[in-house]
Amino acid sequence: MQATKKADLRRRFPFIDDGCKFNFGDGWFQIIAGFCGAARLHSDDTFRITQLEFRDGKLNIEYVGRGGSYLDKLVAWAEIRSMHACEQCSKEFKADYQKGTRICQVGNRKARLCPDCWGWYELLPDSSREAVFAL
């Protein structure tokens, strides 16, 4: 994720820890912003997001503090939504293997990409994530 988008999230949502990992592409920015906006309304002062990263084919959100079942449902909503959204361009798809997103190897990590973005990566097989995402 671009440094400006990370800074925007941290400015808007101060409950994101300073040491929080952001390990995903810019396409999931809106999913994270939506999750954080809803979490702000339904959490208390002990709530802190400690990790936002790509794991097991989806966005993984880890937090500490008293959240309750509502925050657990918000986490599940964001994680499920990320399984149908491209990590680079943010297009969302229904659950369809042929037309939806797939997990691809990009440089030294995996990413969830749509068909348009797979083709772009196939043209740049030796590129690292940073070089490819800097369009």
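Below is a short write-up of the structure. Every value quoted in this text rests on a predicted model; they were computed, and no experiment measured them.

This next bit is on helix α2 (residues 29-41). Think of an α-helix as turning once every 3.6 residues; residues three or four places apart then point the same way. Taking 1.5 Å as the rise per residue, α2 with 13 residues should run 18 Å; its terminal C-alpha atoms sit 19 Å apart, in good agreement. As for α2, its buried residues are in contact with α1 (3-12), β1 (16-23), β2 (48-55), β3 (58-64) and α3 (68-82).

A separate point is the packing of aromatic side chains. Throughout the structure, instances matching the rule amount to 6 aromatic pairs. Look at F24 and W28: their rings are 6.0 Å apart centre to centre, the planes differ by 35 degrees, and that puts the pair in the tilted class. Each of the two residues, F24 as well as W28, counts as buried. Both rings, one in F47 and one in Y63, keep their centres 5.2 Å apart while their planes meet at 50 degrees; by these two values the pair is tilted. You can see F47 sitting in the loop between α2 and β2 and its partner Y63 sitting in strand β3, a full 16 residues away along the chain. Every member of this aromatic cluster is reached through a ring pair, and the members are F13, F15, F47 and Y63. Just above the ring of F29 sits the side chain of K5; from NZ or CZ to the centre is 5.2 Å.

Under the relative-accessibility criterion, F47 is labelled buried at 1%. In this structure the C-alpha to C-alpha distance between F47 and Y63, which are 16 residues apart in sequence, comes to 7.0 Å. Other than its neighbours up to four places away in sequence, F47 contacts F15, F35, A39, Y63, V64, G65 and L71.

This part covers the sheet that holds β1. Judged by pairing direction, the sheet is mixed, and its 3 strands sit side by side in the order β1-β2-β3 without closing on themselves. In this open sheet, the two edge strands, each paired with only one partner strand, are β1 and β3. Along the sheet, successive strands turn relative to each other by an average axial angle of 10 degrees, direction set aside. In this structure, β2 lies alongside β3, joined through 7 bridges in antiparallel fashion.

Now for unusual backbone geometry. Of note in the backbone geometry, S90 takes a positive phi value of approximately 75 degrees without being a glycine. Relative to the assigned elements, S90 resides in the loop between α3 and β4 (102-106). Owing to a relative accessible area of 36%, S90 belongs among the partly exposed residues under this scheme.

Cut-offs used in this document
Residues numbered from 1 in each chain as written. Predicted model: local features only at pLDDT ≥ 70, side-chain atom pairs only at ≥ 80, totals over all residues. Heavy atoms only, no water. Helix = DSSP H or I, 4+ residues; strand = E, 2+ residues; numbered from the N terminus. Expected span 1.5 Å × (residues − 1). Contact = heavy atoms within 4.5 Å. Phe/Tyr/Trp six-rings, centres within 6.5 Å; stacked < 30°, edge-to-face > 60°. Buried < 20%, exposed > 50% of the residue type's maximum accessible area, 1.4 Å probe, protein only. Lys NZ or Arg CZ within 6 Å of the ring centre and 35° of its normal. Pairing = 2+ DSSP bridges. Axes fitted to C-alpha atoms, helices over the stretch in contact; angles between N-to-C directions.

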